[in-house]
Amino acid sequence: MRGILAVALNTFREAIRDRVLYLILAVALVVVAGSRFVAMLTVGSEVKIVKDLGLAAVSIFGLLIAVFVGVSLVSKEIERRTVYTLLAQPVARWQFIAGKYAGLLMVLGANVLVVGGAVLAAVALLGEGAAALVPAIALIFVELAVVAAFAVLFSSFTNPILAAVGTVAVYVAGHLSWSFDLLRKRIAPGAGRVLCDVLHAVLPNLDRLDVKAEAVHGVAIPSGTLAAAAAYGAFYALAVLVLACVVFERREFA
Amino acid sequence: MAPVIEIRNLRKSFRGHLGIGSHLAVDDLSLSVQPGEIYGLLGPNGAGKTTTLKVLLGLVKPDRGTVTLFGRSPREVAARQRLGFLPENPYFYDYLTAVEFLDLYGRLHGLDAAERARRIEKAIDRVGLRGREKTPLRKFSKGMVQRVGLAQAIQHDPDLVILDEPMSGLDPVGRREVRDLILALKAQGKTIFFSSHILQDAEMICDRVAILFKGRLRAVGRLDELTSPEAKSVEVTVRGPVPAGVAGGRRENPDGSTLLTLPGFDALAPAVAAITAAGGTIAGVWPRRESLEDLFLREIGRAQVEERVS
């Protein structure tokens, strides 16, 4: 456990000493603050625009951080050979991966807290109840945790560019996973259907973690549904992380 | 006593780009390092030294053969508990200060905060980084990075210290300090295994050496066993005339004296007699024994000849 924590704290420290993180955070806060002005341009549902843009900012800028920080998380250590000294310590390889991931989660958590907090404050300032947004923000964090696990997985065996392409591809496909089911029903039985089935089963269903629309429009979501969605995301991220550990365990540092 | 490091019939090859072709880095290497020894793994660049160390650290898997640290596989976390390591041309997290860097490694060894603070203080003094504790590593010179790397390798008081080219990139003062540090570790009963291509340093401190060339072990043993104890030549500095009948090579020194190289001690007495008879004086006599460098070049030359024959 101490090995994971040491690696995680170091990963967190590296990220918070990188100016890019602050740039992303600053732009996110500008978007949240600016949503007030965009709302003024519309007729009627001002608060809904603030909520809509705010939640989108939490999600999109979180995704940016997950990709930017995540995709070089492991490969940078290998490229700069810092991993040699680290793995010569009494730290198992899986602990290194788990620590890197935990550090990235800390960064994402801090980002969600800051930007999400700003959205809640902006909504409260308009005199509206903001509590309904909290489950949506929490599930955005779970979604980011899934995406971050993929970033770490790709980072453990490929370079940052390919890892970024892979991670973004999973994110997009994860939001379109319903389409594989739809497509399956429209094509003839055979290889195409099997492929649709496999993709539908293997890719994460990120729409399950997206309750932004419901939160904005004040549609109540049963707590059981929320808990099930969070558990789905957590197990999915864990499975991807285990895969990353297996990949990393087999790697040679020539 | 059980060896600290045991390598048996190690073979390691690396596949080429896109899996095409392969390069044999280490072939049939066997050696063992006893507790309390300073052991030098010597060889030219590309001899397989770093690969051997990487197998020892569990960073790469051997194709064949076994490697143990304290009787355990290096892939076991417990085997690395008593180990300190400094990589070649180290690069560390440059966003950390020296103290933060050492603190991270102390944490990885499970030391509590008070113990870490105490050990960091000690290690900083030991490698001469006092006054630079709060400097980010990105502002460190190469020699200072090497120092902080050494501090990292020894701060948890390991029984075995593995150093990959610890003297490369250091100035003469730095090299001297690293040598002194290695000798001090030995005095504490530690085992030191290091790779180097700087033979003079190895010669000064190693109990035993192994010479590696193109992945194969060419010679292994104590330095005095490997090098010939006989003086291979005797150098004599002469002021005044040197009679023509004296054997050996001669060279004029800048100060006007002559440096005479005699083939051995047997030639010394007749030469001295002839020189003094001719009115010259002897200013100095130095026997030249076979150095590690001579041995190294001899072994590598032999390896190259064998290669051409086969």
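Draft legend 1. How the structure looks around the environment of B:Lys139. All names here are of chain B. Tracing the backbone through its elements, the reader meets Lys139 in the loop between α3 (113-126) and α4 (142-154). The exposed category is assigned to Lys139, around which 10 C-beta atoms lie within 10 Å. When the C-alpha atoms of Lys139 and Thr97 are compared, they prove to be 9.4 Å apart, with 42 residues separating the residues in sequence.

Draft legend 2. Up close: the sheet that holds strand β6 (residues 160-164) of chain B. Residue and element names in this part refer to chain B. The sheet built from 6 strands is open, its strands ordered β5-β6-β7-β3-β8-β9 with mixed pairing. Each edge of the sheet is formed by a strand with only one pairing partner; in this case those strands are β5 (83-86) and β9 (216-222). Adjacent strand axes in the sheet meet at a mean angle of 15° when their direction is disregarded. Where α4 meets the sheet, its contacts fall on β5 and β6, and the angle it forms with β5 comes to roughly 170°.

Draft legend 3. Representation of the pairing of strand β2 (residues 22-33) of chain B within the structure. Residue and element names in this part refer to chain B. Relative to β2, strand β1 (residues 5-15) runs antiparallel, the two sharing 8 bridges. Considered in β2, the bridge of Arg15 is made with Ser22. Between β1 and β2, which follow one another and run antiparallel, lie 6 residues, and Leu18 among them has a positive phi close to 60°.

Draft legend 4. Local environment of the packing of helix α3 (residues 46-70) of chain A against helix α6 (residues 93-125) of chain A. Residue and element names in this part refer to chain A. Across the interface, α3 lies against α6 with an axial gap of 10 Å and an inter-helix angle of 165°. When the axis of α3 is compared with that of α6, the two are roughly antiparallel. Both α3 and α6 take part in a crossing whose hand is right-handed. Residues of the contact of α3 with α6, tallied by class, amount to 17 nonpolar, 5 polar and 1 charged.

Draft legend 5. Geometry of the domain arrangement of chain B. For chain B, the domain assignment lists domain 1 (5-224) and domain 2 (231-289). Computed over C-alpha atoms, the centres of domain 1 of chain B and domain 2 of chain B are 45 Å apart.

Draft legend 6. The arrangement of unusual backbone geometry in detail. Residue and element names in this part refer to chain B. Even without glycine at this site, Asp157 takes up a positive phi of about 60°. Inspection of the secondary structure puts Asp157 in the loop between α4 and β6. Looking at Asp157, the number of C-beta atoms within 10 Å reads 15, which means it is partly exposed. Positioned with a positive phi, Glu165 is a non-glycine residue whose angle comes to about 50°.

The rules behind each value
Each chain carries its own residue numbering, running from 1 in the written order of its sequence. Chains carry letters and ligands carry numbers; both start at the beginning, A for chains and 1 for ligands, and go up in the order they are written. This being a predicted model, a pLDDT of at least 70 is required before a residue's local features are given, and a value of 80 or more before pairs of side-chain atoms are given or counted; all residues contribute to the totals for chains, interfaces and linings. Helix and strand definitions here come from DSSP, where helices need a minimum of 4 consecutive H or I residues and strands a minimum of 2 consecutive E residues; each element is numbered from the N-terminal end. A residue is called partly exposed when the number of other C-beta atoms within 10 Å of its own lies between 12 and 20, exposed at 12 or fewer, and buried at 20 or more, with C-beta atoms placed from the backbone. At least two bridges found by DSSP between two strands are what make those strands a pair. To obtain each axis, a line is fitted to C-alpha atoms, and for helices this fit is confined to the stretch in contact; angles are then taken between N-to-C directions over 0 to 180 degrees. This entry defines residue contacts through backbone-placed C-beta atoms, with two residues in contact when those atoms are within 7 Å. Relative orientations are named as follows: roughly parallel for angles under 35 degrees, roughly antiparallel for angles over 145 degrees, roughly perpendicular for angles from 65 to 115 degrees, and oblique for any other angle. By definition, any crossing whose near helix is turned counterclockwise from its far helix by less than a right angle is left-handed, and any crossing with a clockwise turn is right-handed. Gly counts as polar in this scheme, as do all residues outside two lists: the nonpolar Ala, Val, Leu, Ile, Met, Phe, Trp, Tyr, Cys and Pro, and the charged Asp, Glu, Lys and Arg. As used throughout, domain bounds are those supplied by an automatic or database domain assignment.

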